[in-house]
Each structure stands twice: as C-alpha cells, then as structure tokens.
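Working through the structure, step by step
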Amino acid sequence: MDLPLRFSDLPEYAFPRLRRLLDGVEAGGAPIAMSIGEPQHAIPPFVGEVLARHTADFSKYPPNDGTPELCAAITDWLKRRYGVDMDPQVNVLPLNGTREGLYNSAVALCREQKNGQRPVVLLPNPFYQCYAVAALTAGAEPMYVNAGPETGFLPDFASQPKDVLDRTEIIYICSPSNPQGAVASKAYWRDLIALAERHDIRIFADECYSEIWKDTPPPGILEVVAEGNCDPERVLAFHSLSKRSNLAGLRSGVATGGPQTLKALKQLRAYAGAPLPLPLQRVAEAVWADEAHVEASRQLYVEKFAIADEVLCNMPGYTSPEAGFFLWLDVGDGEQAARTLWRKAGIRSLPGAYLARDPGNGQGNPGDAFLRLALVAPAEDVRRGLVALRETLAGGL
C-alpha cells in the first residue's frame, strides 16, 4: 500500500540510513558511539525519589494542560533564565517531548492558504527532521534555507524572494543550532521578528540546546520579544529537559507563546494529544526548579569542548561550536568519512547529508561535506574518539 502522496518524497530517516550504510562493515576498533545526541551525564539525583513518591498517580489520567505546579515551575524558570513574566495558565503548554509540540504546532496553526496560495514553511538546512514532516502534514510546502559557513551557520531567511515570504506561514529556527552549534544573537532575533512582522509569519524557535554553552548563555527569542514589545502571538518557543537535564526518556518539554496561540495548541491537545503521565509531570516540576544539576552537567560539556579544541584545533574543517553538544566537521565527503571511521577506528558518526536536503536551487545538499559528532560520552571516551578520528582522517578517506 502506498503512502499518501504528501509523504512520498520523504527520505529514509537518518539513523536507519546510517545502519544501512554500516551494516556488514566490521568495526575497526572498540566501538565509540558519537552519532546520536543522547546525553550520557547523570540524571538529577532526586528523580527516583520524586517518582517513587508519586507512583500511585499512574492510576490517574494526567491533566492535558499540565499540572498547575508544573506550569508554575516552568514560568519560574523562564523568569530566572530570560527575565520574562509568563502566566502559567495562559502562556505555557507542557509537552510529551518537544517533538510533539514542534509537530503539532504546525498542524494547529498553519492556515490552509495564504494570499490565495499553498502556504510555505521555511526550514533551516540542515534541520531537525520533524520540521519537514510537520509542514507536509499541515499541507504546506517546506522550503529549505541553507545554513553554512557563509551565513555563520544560521539561515538567512530574509534572502528569500518576496513572493515566497508572502506565502510563508511558519519559520522554524533552532538556536543553538543542531547540528552546527551556532547561536542566534539578539540582533539576529530582532531582524527575524521584524521580517515575520512584515510578512505576517509565525516563528517557531526550537531552543532545546539553550542550556549547553561555553561562556555566555544564548539569548532567547522570548526575551527579545519582551524587550521589543513585539506581538507575543508571533512567536512560539520550545524548551526541553532532554538536553538541559539529561532526561531524554522523561519526554518533558514545553511550548511558550501568546494566549491565543496557546489556546489553539491546547484545543488540539484536547482531541489528539498525549499528555505526560502524572508521576512524570511531578518529576518535571522538581527538575525545572533545580539549577545545580544543570550547572554540573554544563561544566562536563565545557571540559569536552576544551578537549575538542585541543585535539582538532589544527585539523582542516574544524569549527569550535558556540553551544550545544555537537561538532559539525567538514571532512569533504561525510558519508565516505563515516564509513571509513567505522571500518578503521570503530567510530560511529552521522553523515551531515542525512540531516539536510538539496533545496533544488543549484546549491546542493549543504551537509554533503560534513560529519555530525555528538560529545555526549564521558570525557575520556570523547578524547579517545577524537584522537582516533584525527589520526584516521589524516590518512585520507
């Protein structure tokens, strides 16, 4: 049976594609996993105790819109982190993993037509694959805006033709970016908001890596909206405990925006959503309220950034990321390099082409030359992997 036509052009997902690339190839050393962005640092020490205390609540249906305590913990965090005041009952929606929100927000908010035409959703390229499927589900045309070294690894959405911008309903943007680790400055956010206001566009700001940085906290779109007295309905910001708190399996995220925007999301959630189980909401309440574990985890990443700078500083194609926990390494041919690293050194990395698309304008796939490497393992394993990578690639592909 064929897939619906709107999904017929989807490429194979990145990780099954990687398995197919490496299946049947024997690892050339003790395997070193650097392909998946799954944090390996310790979870907050109090998680087990909170979960045990609320185990009986698995017998209850969880509230669709989040417990009042969870919503308040999130708005308290937003105040501490960004200096913004949010109403916990009006401006936030706890999510069953941020991917739920990134996907369902397009379904809930993308209009069927704009200016009498099929709407456009603009995506950074490379991008989190959920964005494209959300656009297709909403009936929109995904368009890919390359984010390479020539633009500081952030997309220049203003470079799009006026007729495209006039059809654009949604812009997805990730900062710190996955996979490049680039950070949108306040000036970038201000320019993007101004562009959205000129062309009546919503911005979906994926800030899931916002708490992993070297020296300076990345600015968030919510604080720029507040400082500029911008329309709060123009922006949705997404945050997650998966990266901030090493709790990928908790599936706890949040969408934050204007009252009417959140009302639309909550209405869809009431029909089709899957809220976080109540005991897990209780855990999330405690985790959003604690910063000590976040600071401890961040310092481990700072140590691994330093290892990467030390080991790879003289390697052509290396750019030290501003934030996040990925390296985006120009190796000339990402797919060939991934196969070589596995065959010769047991390093499992992800070809950059698997995270991007050819936008069809003669520029090609901006990920073709790159590898994505996740710095999630313990520091000694990261060092071992990066040293082996440097030595292996020095011999050519």
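For the structure itself, consult the block above.
Reference entry: report on the structure contained in this document. Model, not experiment: these values are computed from the prediction. (Residues numbered from 1 in each chain as written. Predicted model: local features only at pLDDT ≥ 70, side-chain atom pairs only at ≥ 80, totals over all residues. Heavy atoms only, no water.)

We now examine the overall build of the chain. When its secondary structure is counted, the chain shows 14 helices and 12 strands. Its C-alpha atoms put the chain at 55 × 55 × 50 Å along the principal axes. When burial is assessed residue by residue, the chain has 56% of its 397 residues classed as buried. Pairs at least 24 apart in sequence give 77% of the contacts found in the chain among residues at least 6 apart. Element-wise, carbon and sulfur atoms account for 52% of the exposed surface of the chain, whose accessible area totals about 16600 Å². (Helix = DSSP H or I, 4+ residues; strand = E, 2+ residues; numbered from the N terminus. Buried < 20%, exposed > 50% of the residue type's maximum accessible area, 1.4 Å probe, protein only. Contact = heavy atoms within 4.5 Å. Areas by Shrake-Rupley, 256 points an atom, 1.4 Å probe, with all protein chains shown as cover.)

Moving on, we get to the sheet that holds strand E7 (residues 235-240). Taking strand neighbours across the sheet as the criterion, the seven strands line up as E2-E8-E7-E6-E5-E3-E4 in an open arrangement whose pairing is mixed. Two strands bound the open sheet, and with one partner strand each, they are strand E2 (92-96) and strand E4 (141-146). Averaged over all pairs of adjacent strands, the angle between strand axes in this sheet comes to 20°, irrespective of strand direction. Relative to the sheet, helix H4 (residues 98-109) contacts E2, strand E5 (168-174), strand E6 (202-206), E7 and strand E8 (252-257), its axis offset from that of E7 by approximately 160°. (Pairing = 2+ DSSP bridges. Axes fitted to C-alpha atoms, helices over the stretch in contact; angles between N-to-C directions.)

Moving on, we get to a negative patch on the surface. A cluster of acidic side chains, namely Asp333, Glu335, Asp358 and Asp368, defines a negative patch on the protein surface. Relative to the assigned elements, Glu335 resides in helix H13 (residues 334-345). (Patch = residues over 30% accessible without salt bridge, like charges linked within 9 Å, V, L, I, M, F, W, Y side chains within 5 Å. Salt bridge = Lys/Arg side-chain N within 4 Å of Asp/Glu carboxyl O. Lys, Arg positive; Asp, Glu negative; His and termini not counted. Charge placed at Lys NZ, Arg CZ, Asp CG, Glu CD.)

The next thing to look at is the packing of aromatic side chains. Applying the stated rule across the entire model yields 15 aromatic pairs. Consider the rings of Trp77 and Tyr82, whose centres lie 5.9 Å apart with planes at 85°: the pair is edge-to-face. An aromatic cluster is built from Tyr128, Tyr131, Tyr172, Phe204 and Phe238, whose rings are joined through pairwise contacts. In this structure, Lys214 is placed above the aromatic ring of Phe305, and the distance from its NZ or CZ to the ring centre is 5.1 Å. Cation over ring: Arg348 sits above Trp342, and NZ or CZ is 5.1 Å from the ring centre. (Phe/Tyr/Trp six-rings, centres within 6.5 Å; stacked < 30°, edge-to-face > 60°. Lys NZ or Arg CZ within 6 Å of the ring centre and 35° of its normal.)

Moving on, we come to the packing of H4 against helix H5 (residues 130-137). Put simply, H4 and H5 touch, their axes get as near as 8 Å, and they point 25° apart. For the element pair H4 / H5, the angle class is roughly parallel. Crossing geometry of H4 relative to H5 is assigned as right-handed. Mapping the contact onto sequence places Arg99, Leu102, Tyr103, Ala106 and Val107 in H4 and Cys130, Tyr131, Val133, Ala134 and Thr137 in H5. Its residues assigned to classes, the contact of H4 with H5 shows eight nonpolar, one polar and one charged. (Parallel < 35°, antiparallel > 145°, perpendicular 65-115°, else oblique. Left-handed = near helix turned anticlockwise from the far one by under 90°. Nonpolar A, V, L, I, M, F, W, Y, C, P; charged D, E, K, R; others polar.)

Inspection of the secondary structure puts Pro44 in the loop between strand E1 (32-33) and helix H2 (47-53). Residues Pro44 and Val294, spaced 250 residues apart in sequence, show a C-alpha to C-alpha distance of 8.5 Å. Each residue touching Pro44, except ones within four places of it in the same chain, is listed here: Ser245, Leu247, Val287 and His293.

With that out of the way, let us pick up the sheet that holds strand E11 (residues 350-351). Here we have three strands laid out as an open sheet, ordered E9-E12-E11, and antiparallel in their pairing. At either end of the open sheet lies a strand with only one pairing partner, and these are strand E9 (326-330) and E11. Two strands pair when backbone bridges link them, and E9 and strand E12 (residues 370-374) are joined in this way by five bridges, in the antiparallel orientation. Residue Phe326 lies in a different strand from E12, and its bridge partner there is Ala374. Contacting E11 and E12, H13 runs over the sheet at an angle of about 50° to E12.

Cis geometry marks the peptide bond from Ser175 to Pro176, where omega comes out at -10°. Residue placement: Pro176 occurs in the loop between E5 and helix H7 (186-199). The phi angle at Asn246 is positive, at roughly 60°, despite the residue not being glycine. Within the fold, Asn246 resides in the loop between helix H9 (241-244) and E8.

The next subject is the state of the cysteines. Each disulfide is one covalent bond, formed between the sulfur atoms of two cysteines. In this structure the tally under the stated criterion is zero disulfides. Looking at the unpaired Cys71, the closest cysteine sulfur is the one in Cys208, lying at 17 Å. For Cys71, a relative accessible area of 1% translates into the label buried. (Disulfide = S-S within 2.5 Å.)

Our next topic: the pairing of strand E3 (residues 120-125). Put simply, side chains in a regular strand alternate between the two faces of the sheet. E3 sits mainly inside the fold: six of its six residues count as buried. Residues of E3 alternate between two faces, with Val120, Leu122 and Pro124 on one and Val121, Leu123 and Asn125 on the opposite face, all of them buried. Here E3 runs beside E4; their pairing, made up of six bridges, is parallel. Looking across to E4, one finds that Pro124 is bridged to Val145. Note on the crossover from E3 through H5 to E4: the handedness is right-handed. Sheet topology places E3 next to E5; three bridges connect them, and they run parallel. When the sheet's bridge partners are listed, Leu122 is paired in E5 with Ile171. (Right-handed = clockwise from strand over helix to strand, strands pointing away.)

A general trend in soluble globular proteins is that nonpolar side chains are found buried together. The biggest cluster of nonpolar side chains holds 98 residues, and the ones touching the most others in it are Ile221 and Leu386. In terms of residues, this core owes the most to one element, helix H3 (residues 68-82), which gives seven residues. Not counting chain neighbours up to four residues away, the residues in contact with Leu386 comprise Met34, Ile307, Ala308, Val311, Leu312, Leu327 and Leu375. Listed in part, the 26 residues of the second largest apolar core include Ala138, Ala140, Phe238 and Leu265. (Core = buried A, V, L, I, M, F, W, Y, C linked by side-chain atoms within 4.5 Å.)

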